[in-house]
Amino acid sequence: MPSPSTHPDLWDIFCRVIDNHGDLGVCWRLARDLVARGQHVRLWVDDASALHWMAPGALQGDVPGVQVLPWARAQDAQAVAAVTAEAPAKAWVEAFGCEIPPEFIAAGAGATSAGGRFDPQPPVWLNLEYLSAEPYVERMHALPSPVLRGPAAGWTKWFFYPGFTPRTGGLLREADLPSRQGMFDRAAWLRAHSIDWRGERLASLFCYEPTALPALLMQWANSTHAPEPTRLLVTAGRATAAVRHAIAQENGLQRLLQERQQLSISYLPHLPQTAYDELLWACDLNFVRGEDSLVRALWAGRPFVWQIYPQPEDDAHHAKLHAFLDWLQAPPSLRRFHDAWNDVHPAGQAAPPLLLPDAADGATWLAAAQAARARLLAQPSLAEQLIGFVQEKG
């Protein structure tokens with residue numbers, strides 16, 4: 001692990017928001033982790049509004065070492081020239097395939113109006129890719145891509161792939177994560193968030209709109225299928241809307257919720273990132289979606305179910321899901337549950353039934369999660385590897 005620098009290096013991270021929980025969430029976690037490891041960060045983002053609840057104080061400049069800047073400012077040649085002249089960056093990071101504005105590249109390249117002069121020490125330019133367990137990630141990680149055109153022609157851009165194996169860029173993991181988990185008090189956390197927990201099974205739900213959601217709620221609400229009571233902690237936004245829609249559309253579910261009281265539901269407000277991590281630590285089963293929450297579920301070490309971002313035009317997410325389950329060494333019941341939750345089935349066939357795990361299945365789910373966490377803890381984190389790579393190439 002690179003030691004924190006006495007003279008912090010400056011990083012420019014660029015983020016175009018498609019899903020503000022995922023894209024912005026990953027970029028903010030990366031910025032915070034880099035700062036914790038002795039770096040400084042300028043985060044350029046086209047929609048930073050989610051930081052109001054995701055990272056309170058970030059937009060007001062209350063987080064030392066991180067400056068959040070509007071994407072439009074990176075397109076203003078004069079503004080960019082002033083920023084980069086005052087503090088040139090050691091590294092540029094294009095998150096998730098976004099392209100740095102050409103005005104920023106021109107200023108960073110140090111081009112004159114005639115286009116003939118270049119900064120003799122260009123920043124290390126990184127294309128930080130999406131997370132996947134597919135085989136191409138190991139092949140493509142850390143490969144160079146020559147810049148052939150524009151004011152930065154002759155520079156090199158590097159592909160940097162997060163991943164789950166030692167031959168990839170690793171996952172975001174704060175240095176103090178294990179110690180914070182070790183001190184976590186579930187009962188106190190639930191009380192602090194006004195959750196009236198009485199010892200029942202706890203499950204968190206962060207999802208899109210899975211077609212299997214009504215079936216899941218029905219099974220939890222039906223004591224025949226789920227003799228242990230369940231309290232479902234539903235995250236704000238699309239998950240809350242999906243649960244309320246399912247209840248409104250399923251008369252049988254409404255009746256079961258009222259009569260049997262096997263399933264209770266708590267709708268949560270938007271949680272800061274640290275509180276969301278703690279939510280995962282508090283629960284016995286976590287339903288997560290996208291990229292950032294998947295990684296946080298892995299660190300939680302609890303059984304989890306992942307809803308991958310759907311790509312219905314070519315079903316590319318099916319292969320990505322199964323590659324991850326292969327890496328996870330998921331037991332058969334967990335693989336079947338993931339296929340049902342993600343509506344994965346051959347064309348022309350009905351979706352597989354969603355079946356809650358029994359006690360034996362639950363034990364294998366837990367064992368798989370804890371073994372995966374142990375493997376990942378033995379590998380260097382994404383921020384560590386990025387810092388080392390930039391020090392080597394710069």
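Since this is a predicted model, take the numbers as computed values, not measurements.

Hey, could you run me through the domain arrangement of the protein in this one?
Partitioning the protein into domains gives domain 1 (10–171 + 380–393) and domain 2 (176–378). Taking the mean C-alpha position of each, domain 1 and domain 2 sit 32 Å from one another. Of the roughly 1900 Å² buried between domain 1 and domain 2 on both sides combined, carbon and sulfur atoms contribute 60%. Counting the surface domain 1 buries against domain 2, the share from its top three residues, Arg29, Trp53 and Phe164, is 34%.

Would you mind going over helix H17 (residues 382–393) with me for this structure?
Every α-helical turn comprises 3.6 residues, leaving residues that sit three or four positions apart pointing alike. Helix length check: H17 (12 residues) gives 16 Å between terminal C-alpha atoms against 16 Å at 1.5 Å per residue, within 8%. Within the sequence span of H17, burial applies to Leu382, Ala383, Glu384, Leu386, Ile387, Phe389 and Val390. The inward-facing, buried residues of H17 abut strand E1 (10–15), helix H1 (23–36), strand E4 (91–95), strand E5 (124–128) and strand E7 (156–160).

Before we go on, may I ask you to explain the nonpolar core in this structure?
In a soluble, globular protein the nonpolar side chains are often hidden away together inside. Grouped together as the largest cluster of nonpolar side chains are 70 residues, with contacts concentrated most on Leu205, Trp220, Leu298, Phe324, Leu328 and Trp341. Two domains each put at least three residues into this core: domain 1 (10–171 + 380–393) and domain 2 (176–378). Ignoring sequence-local partners within four residues, the contact set of Leu205 consists of Leu213, Leu232, Leu233, Val234, Thr235, Ala239, Val243, Phe287 and Trp341. Membership of the second largest hydrophobic core comes to 40 residues, among which are Leu24, Val26, Val35 and Ala58.

How do you make sense of the environment of Leu213 when you look at a structure like this?
Along the chain, Leu213 turns up in helix H9 (residues 213–221). Relative accessible area serves as the criterion here: at 2%, Leu213 is assigned to the buried category. When the C-alpha atoms of Leu213 and Asp358 are compared, they prove to be 18 Å apart, with 145 residues separating the residues in sequence. Those residues in contact with Leu213, other than ones at most four positions away along the chain, are Leu205, Ala242, Val243 and Trp341.

Rules of the game
Residues take numbers from 1 onward in each chain, read along the sequence in its written order. Confidence filtering applies because this is a predicted model: local features only for residues at pLDDT of at least 70, side-chain atom pairs given and counted only at 80 or more, and all residues used for totals across whole chains, interfaces and linings. To get the side-chain values, all heavy atoms of the structure are used, and hydrogens and water are removed first. For each domain, the first and last residues come from an automatic or database assignment. Summed over both partners, the accessible surface that disappears when two parts come together, traced with a 1.4 Å probe, is what is meant by buried area. Numbering of helices and strands starts at the N terminus; helices are DSSP runs of H or I of at least 4 residues and strands are runs of E of at least 2. A helix's residues, less one, multiplied by 1.5 Å, set its expected span. Accessible area is worked out with a 1.4 Å probe on protein chains only. A residue is then buried under 20% of its type maximum, exposed over 50%, and partly exposed in between. Pairs of residues are marked as contacts when any of their non-hydrogen atoms sit within 4.5 Å. Think of a nonpolar core as a cluster: buried Ala, Val, Leu, Ile, Met, Phe, Trp, Tyr and Cys residues, connected wherever their side-chain atoms sit within 4.5 Å.

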